[in-house]
Amino acid sequence: VELRDAVQPMRLIVEKLGAAKVAQKYELPQDLLEEAEKRIGTEVDDTRRLLAAYAVERKHFLKLGVPDETWSARKMLHDYCTGALLHCEEPPEWEEEAPTLPPAGSSEQQHPQAAQYAPPTRGSAKAKAGSKERRKGSESDFSDLEEFLYQAASGAAPLKGKKGNKKR
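This structure is a prediction, so every number in the text was calculated from the model and none was measured.

A. Here's a closer look at the overall build of the protein chain. Helix and strand counts for the protein chain stand at eight helices and zero strands. From first element to last, N terminus to C terminus, the protein chain shows the α and β order α-α-α-α-α-α-α-α. In the protein chain, buried positions account for 27% of the 168 residues. Counting contacts in the protein chain only where the partners sit at least 6 residues apart, residues at least 24 apart contribute 48% of the total.

Rendered as structure tokens:
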């Protein structure tokens, strides 16, 4: 679907970002904004002033030197959609919670499944049972990921018999 009027979406963008931020992004000085308003010939809002100034700066005119605001709106809208004209805001009712990390060396775990991958102490029954369970293979689709996470957490050597872990 082709967008017929790109000026209205640009009004929303200028409303969200603010005219000053858009003018700063495209390096449009105040005197150029005033010149663009004179070329249009009528009292205009901030959006049309910015679009006209952008067209004047890039030398895109209609008949008799009138700035091509539609061309400017399409270019700026394209920049917004591709991320060149960036605007981010927090979602409504956003409550920022600072992440809390346990002190270094503490045994407190953050993630509920983190205990599953914590390295067992050497010689413990959990270590022996966990080793046997991993060797015989699990029914999980993520058994290779679980093995990797276990090895990373415990610093253990790869288990033999697994595909890709065989020593050659």
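B. Representation of the pattern of salt bridges within the structure. In total, this model carries six salt bridges according to the counting rule given. The shortest N-O distance in the salt bridge between Glu-89 and Lys-16 comes to 3.5 Å. Remark: Lys-16 occurs in helix H1 (residues 7-17) and Glu-89 occurs in the loop between helix H5 (69-82) and helix H6 (114-117); sequence separation between them is 73 residues. The residues Glu-89 and Lys-16 share a single accessibility class, namely exposed. Salt-bridge contacts for Glu-69 lead to Arg-48; the nearest nitrogen and oxygen are separated by 2.8 Å. Taken as a pair, Glu-69 in helix H5 and Arg-48 in helix H4 (residues 46-57) lie far apart in primary sequence, 21 residues in all. Connected through salt bridges with shared partners, the residues Glu-37, Asp-46 and Arg-49 form a single ionic network.

C. View of the packing of aromatic side chains. One pass over the full model with this rule turns up two aromatic pairs. An angle of 70° between the planes, with centres 4.9 Å apart, marks the rings of Tyr-26 and Tyr-54 as edge-to-face. Of this pair, Tyr-26 sits in the loop between helix H2 (19-25) and helix H3 (30-40) while Tyr-54 sits in helix H4, placing them 28 residues apart in sequence. Note on Tyr-26: relative accessible area 5%, which makes it buried.

D. View of H3. For H3, the full list of buried residues reads Leu-32, Leu-33, Ala-36, Glu-37 and Ile-40. Viewed along the axis of H3, the buried residues span an arc of 140°, placing them on a single side of the element. Away from its buried face, by an angle of more than 90 degrees, H3 presents the exposed residues Asp-31 and Lys-38. In this structure, the buried residues of H3 make contact with H4 and H5.

E. Layout of a nonpolar patch on the surface. Together, Leu-62, Leu-64 and Val-66 make up an exposed nonpolar region whose accessible area comes to about 330 Å². Using a relative accessible area of 48% as the deciding quantity, one classes Leu-62 as partly exposed.

F. Looking closely at the side chain of Thr-47. Summarising the element assignment, Thr-47 is placed in helix H4. Ignoring any residue separated from it by four or fewer positions in sequence, one finds Thr-47 in contact with Val-7, Met-10, Arg-11 and Val-14.

Cut-off values and rules
All chains use their own residue numbering, which begins from 1 and follows the written sequence. This being a predicted model, a pLDDT of at least 70 is required before a residue's local features are given, and a value of 80 or more before pairs of side-chain atoms are given or counted; all residues contribute to the totals for chains, interfaces and linings. Side-chain metrics in this entry use all non-hydrogen atoms of the structure; hydrogen atoms and water are not considered. Numbering of helices and strands starts at the N terminus; helices are DSSP runs of H or I of at least 4 residues and strands are runs of E of at least 2. Only protein chains enter the calculation, and the probe is 1.4 Å; a residue is then buried if its accessible area is under 20% of its type maximum, exposed if over 50%, and partly exposed in between. When checking whether two residues touch, look at their non-hydrogen atoms; a contact exists if any pair is within 4.5 Å. Any Lys or Arg side-chain nitrogen found within 4 Å of a carboxyl oxygen on Asp or Glu counts as a salt bridge. In this scheme Phe, Tyr and Trp rings, the latter by its six-membered ring, pair at centre separations within 6.5 Å, and the angle between planes marks the pair as stacked below 30 degrees, edge-to-face above 60, and tilted otherwise. By definition, the arc is the one covered by directions from the helix axis to the C-beta atoms. Patches draw on residues past 30% relative accessible area with no salt bridge. Two like charges within 9 Å are joined, as are two nonpolar side chains (Val, Leu, Ile, Met, Phe, Trp, Tyr) within 5 Å. Residue-level accessible areas treat just the shown protein chains as cover; the underlying method is Shrake-Rupley with a 1.4 Å probe.

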